[in-house]
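Each chain, written out:
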Amino acid sequence: MAAPVRRAVEDARIELGPVMQAQNIGAVAGLAAAGLGVTAVPDPVLPMISFAGLVHIPLQPTVERTISLVQVAGRPQTASTRSFVTMLLADV
């Protein structure tokens, strides 16, 4: 379980049963679709699991995290990197 989700569960004083963690989002969706549990995923993952016919309910409170862009200092950016950074900053 990711640290921000673990903290949110602890803060909400929710007691969980057995927890299984999977790294592959397809496996996670498949396990949930088979009725073997539930999962918490970030919003950008929802389109990737739509094949499984799952229903999603936004969690309250929301869990937020900071994501950083890291690059080698002094190294020129490639055209694809510049486009990616421009796209990321457009949503800020």
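Preceding block: the structure.
Residues numbered from 1 in each chain as written. Predicted model: local features only at pLDDT ≥ 70, side-chain atom pairs only at ≥ 80, totals over all residues. Heavy atoms only, no water.

A.B. asks: Please clarify how the overall build of the protein should be interpreted in this entry.
C.D. replies: When its secondary structure is counted, the protein shows 3 helices and 0 strands. Computed over C-alpha atoms, the radius of gyration of the protein comes to 17 Å, more than 25% over the 12 Å expected from 2.2 N^0.38 for 92 residues, which places it beyond the range of a compact globule. With respect to the principal axes defined by its C-alpha atoms, the protein has extents near 50 × 30 × 20 Å. In the protein, which comprises 92 residues, the share counted as buried stands at 10%. Pairs at least 24 residues apart make up 22% of the contacts formed inside the protein by residues separated by at least 6 positions. Carbon and sulfur atoms provide 59% of the accessible area of the protein, an area that totals close to 8,000 Å². Side chains of the protein carry 6 positive and 6 negative charges; the gap between the two charge centres is 12 Å. (Helix = DSSP H or I, 4+ residues; strand = E, 2+ residues; numbered from the N terminus. Rg over C-alpha atoms; globule rule 2.2 N^0.38 Å. Buried < 20%, exposed > 50% of the residue type's maximum accessible area, 1.4 Å probe, protein only. Contact = heavy atoms within 4.5 Å. Areas by Shrake-Rupley, 256 points an atom, 1.4 Å probe, with all protein chains shown as cover. Lys, Arg positive; Asp, Glu negative; His and termini not counted. Charge placed at Lys NZ, Arg CZ, Asp CG, Glu CD.)

A.B. asks: In this structure, what is going on with a nonpolar patch on the surface? I would like to understand it.
C.D. replies: Together, Leu-69, Phe-84, Met-87, Leu-88 and Leu-89 make up an exposed nonpolar region whose accessible area comes to about 480 Å². Residue classification places Leu-88 among the partly exposed positions, given a relative accessible area of 36%. (Patch = residues over 30% accessible without salt bridge, like charges linked within 9 Å, V, L, I, M, F, W, Y side chains within 5 Å. Salt bridge = Lys/Arg side-chain N within 4 Å of Asp/Glu carboxyl O.)

A.B. asks: Please explain the environment of Arg-13 as it appears in this structure.
C.D. replies: Looking at where Arg-13 falls in the secondary structure, it is placed in the loop between helix H1 (3-11) and helix H2 (25-33). A relative accessible area of 78% places Arg-13 in the exposed class. On a C-alpha basis, the gap between Arg-13 and Gly-30 in space is 28 Å, while along the polypeptide they are 17 residues apart.

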